[in-house]
Amino acid sequence: MVRLKIPATSANLGAGFDALGLALDYFNYVEMEECEGCIITSSDNTPIPTDETNLIYHTAKTVFDICGKPFYGLRIGQTNNIPMARGLGSSSACIIGGLVGANHLMGEPLTLDEMVDLSAQIEGHPDNTAPALLGGIVTAVFDGKSVHWVKQEVFTTLKFIAIIPDFELKTEKARECLPKEVSHKDAVFNLSRAALFSASLLTGKYENLRSAVCDRLHQPYRLELIPHARDIFDTAYVNGAYACYLSGAGPCLMTVVDANNRFFGGKMRFALDNMGLDTWQVKEMHIDNKGTRITDEE
Ligand code: HSE
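Predicted model, so just to flag it, every value in this text is computed and none were measured. Each chain carries its own residue numbering, running from 1 in the written order of its sequence. Where local features are concerned, this predicted model is filtered to residues with pLDDT of at least 70; where side-chain atom pairs are given and counted, the filter is 80 or more; whole-chain, interface and lining totals use all residues. The side-chain figures draw on all heavy atoms in the structure; neither hydrogens nor water molecules are used.

What follows is about the site of the ligand. Residues in contact with the ligand, as listed here, are Asn-12, Phe-17, Asp-18, Glu-123, His-125, Asp-127, Asn-128, Thr-171, Arg-175, Arg-222, Gly-248 and Ala-249. Within the side chain of Asn-12, an N or O atom sits 2.8 Å from an oxygen atom of the ligand. Any pair of nitrogen or oxygen atoms within 3.5 Å is treated as a polar contact; in protein, a donor-acceptor pairing is required on top of that, and neighbouring residues in sequence qualify only through side-chain atoms on both sides. Within the side chain of Asp-18, one N or O atom sits 2.5 Å away from a nitrogen atom of the ligand. Across the complex, the protein chains shield 98% of the 250 Å² of accessible surface that the ligand would expose by itself. Both cavities and pockets are sets of points on a 1 Å grid over the protein atoms alone; in a cavity a 1.4 Å probe fits but cannot get out, in a pocket the set is open with protein on both sides within 12 Å along at least five of seven lines, and lining residues sit with an atom within 4 Å of a point. Think of it this way: if more than half of a molecule's atoms are within 2 Å of a pocket's grid points, that molecule is in the pocket or cavity. A majority-of-atoms criterion places the ligand in the largest pocket. Here a strand is any run of E in DSSP of at least two residues, a helix any run of H or I of at least four, and the numbering for each starts at the N terminus. Looking at the shell around the ligand, the elements with two or more residues in it are helix H4 (126-134) and helix H5 (171-176). Any residue that is not Ala, Val, Leu, Ile, Met, Phe, Trp, Tyr, Cys, Pro, Asp, Glu, Lys or Arg is counted as polar, Gly included; the first ten are nonpolar and the last four charged. Taken together, the residues that form the shell around the ligand break down as 2 nonpolar, 5 polar and 5 charged. For the shell around the ligand, the two domains that each supply at least three residues are domain 1 (2-153 + 288-297) and domain 2 (159-285). Working definition: residue near molecule or strand if any one of its non-hydrogen atoms lies within 4 Å of it. All accessible-area figures derive from a Shrake-Rupley calculation using a 1.4 Å probe, and residue coverage is judged against the displayed protein chains alone. Domains are outlined according to an automatic or database domain assignment.

Another aspect to go through is the side chain of His-218. Within the secondary structure layout, His-218 lies in the loop between helix H7 (209-212) and helix H8 (219-222). For the exposure calls, accessible area comes from a 1.4 Å probe over protein chains only, and a residue counts as buried if that area is under 20% of its type's maximum, exposed if over 50%, partly exposed in between. The buried category is assigned to His-218, whose relative accessible area is 0%. Whether two residues touch is decided by their heavy atoms; if any such pair falls within 4.5 Å, the residues are in contact. Ignoring sequence-local partners within four residues, the contact set of His-218 consists of Asn-12, Gly-14, Phe-17, Leu-178, Leu-246 and Gly-248.

Looking at the element boundaries, Lys-151 is found in strand S6 (residues 147-152). Judged by its relative accessible area of 27%, Lys-151 is partly exposed. Along the sequence, Lys-151 and Val-138 sit 13 residues apart, while their C-alpha atoms lie 4.4 Å from each other. Sequence-distant contacts of Lys-151, defined by excluding residues within four places in its chain, comprise Leu-134, Gly-135, Gly-136, Ile-137, Val-138 and Asn-289. Of the polar contacts made by the side chain of Lys-151, one reaches the backbone oxygen of Leu-134; its length is 2.8 Å.

So, on to the domain arrangement of the chain. Domain assignment breaks the chain into domain 1 (2-153 + 288-297) and domain 2 (159-285). The C-alpha-based centres of domain 1 and domain 2 are spaced at 24 Å. Of the roughly 2,200 Å² buried between domain 1 and domain 2, counting both surfaces, carbon and sulfur atoms make up 64%. Throughout this description, the term salt bridge denotes a Lys or Arg side-chain nitrogen within 4 Å of a carboxyl oxygen of Asp or Glu. For the pair domain 1 and domain 2, the interface holds 1 salt bridge. Between Asp-18 and Arg-175 there is a salt bridge; the shortest N-O distance is 2.7 Å. Our enumeration of links across domain 1 and domain 2 arrives at 14 residue pairs in polar contact (both at pLDDT 80 or more). At the level of elements, strand S1 (2-11) and strand S2 (20-34) are the ones that each hand at least two residues to the side of domain 1 that touches domain 2. As used here, buried area is the combined drop in accessible area, with a 1.4 Å probe, of two parts when they are placed together.

Once that is clear, we can look at the packing of aromatic side chains. Aromatic ring pairs are reported here in terms of the distance separating the ring centres and the angle at which the planes meet. Centres within 6.5 Å make a pair out of two Phe, Tyr or Trp rings, where for Trp the six-membered ring is used; the pair is then stacked when the planes are under 30 degrees apart, edge-to-face when over 60, and tilted otherwise. By the definition in use, this model includes 5 aromatic pairs. Ring centres of Phe-167 and Trp-280 lie 6.0 Å apart, and the angle between their planes is 70 degrees; this geometry places the pair in the edge-to-face category. In this pair, Phe-167 sits in the loop between strand S7 (159-164) and H5 while Trp-280 sits in the loop between helix H10 (264-274) and strand S10 (281-285), placing the two residues 113 residues apart along the sequence. Classification of Phe-167 as partly exposed rests on a relative accessible area of 23%.

Our focus in this paragraph is the pattern of salt bridges. All told, the structure shown has 10 salt bridges when counted by the stated rule. One salt bridge in this structure joins Asp-186 and Arg-216, with 3.1 Å as the shortest N-O distance. Of this pair, Asp-186 sits in helix H6 (residues 184-203) while Arg-216 sits in the loop between H7 and H8, and the two are 30 residues apart along the sequence. When salt bridges that share partners are traced, they join Arg-3, Glu-31, Glu-33 and Arg-75 into one network.

With that out of the way, let us pick up the sheet that holds strand S9 (residues 253-257). Read across the sheet, 4 strands follow the order S8-S9-S7-S10 without closing on themselves; strand pairing throughout is antiparallel. In this open sheet, the two strands that pair with only one neighbour each are strand S8 (243-246) and S10. Strand-to-strand twist in this sheet, taken as the mean axis angle between neighbours without regard to direction, amounts to 20 degrees. Under this scheme, a helix contributes an axis fitted over its contacting stretch, all axes are lines through C-alpha atoms, and angles between N-to-C directions fall in the 0 to 180 degree range. Here helix H9 (residues 229-238) sits on the sheet in contact with S7, S8 and S9, set at roughly 160 degrees to S8. When DSSP finds at least two bridges between two strands, those strands are taken to pair.

On to the environment of Cys-35. You can see Cys-35 is positioned in the loop between S2 and strand S3 (37-42). Along the primary structure Cys-35 and Ala-60 are separated by 25 residues, whereas in three dimensions their C-alpha atoms are 13 Å apart. Sequence-distant contacts of Cys-35, that is, excluding residues within four places in its chain, are made with Tyr-72, Gly-73, Leu-74 and Arg-75.

As structure tokens, this is what we get:
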């Protein structure tokens, strides 16, 4: 039996659409062992598919098939802290759980690079799957087959305070509203800022982050799907956030805040309540540099 701890992720980081992502210290847990048939349980009453369509199970079976190992079935136990379809990498956590779990049970036939590639092929883009596996901040280029990636550990006390809406937004829907083509000017606008984000985060030039998260490829379209999003960004900046951006495909709004900004979360809670958004969550997280690991933790 193997027990895995898999981090949430925040992808895009503003301008780095489909290219940048980082891991956060908010974790799902997956227990997996070989058995005959498909036995899937949720330890926290999160509604999950308990048949072979379960994403962890399906991914693990695919990995057994790819490696040419006989597959008889699995027992899987899931603890799903990462909320689903909110822009915090819940589906990537399932893919990575299935992949790393199956690889471990088979005696580690796949290399790390092969797992990065395979997870991106399953998800379609690497900016959640790669940081969920590797931790830290990951810069990734997916050529449709292989991922060319760099993982960097980030030594910072910055807080990532997530404003998590009470509704789901499926990635497919959030991708449908994007333009098919962009101008040369907008492409330059984004690529310069994506490069600025990671360089500024890694060197502690946090005053750059507000410019770095501006983008013209996805946020202007997706923010329209999230009521109050722009007001919430304005409020976060008034309360001293370094940066605010749409996490992944949304609807989670991520704020990046100095460790010394002690009351930021409470002020955002107060503002959300005043907007009538008392069912939205405010959750403090930090960068997780380790990525997916085997654990004994309960
Ligand atoms: N880069 C992806 C997107 C992340 O923004 O659609 C969500 O999977």
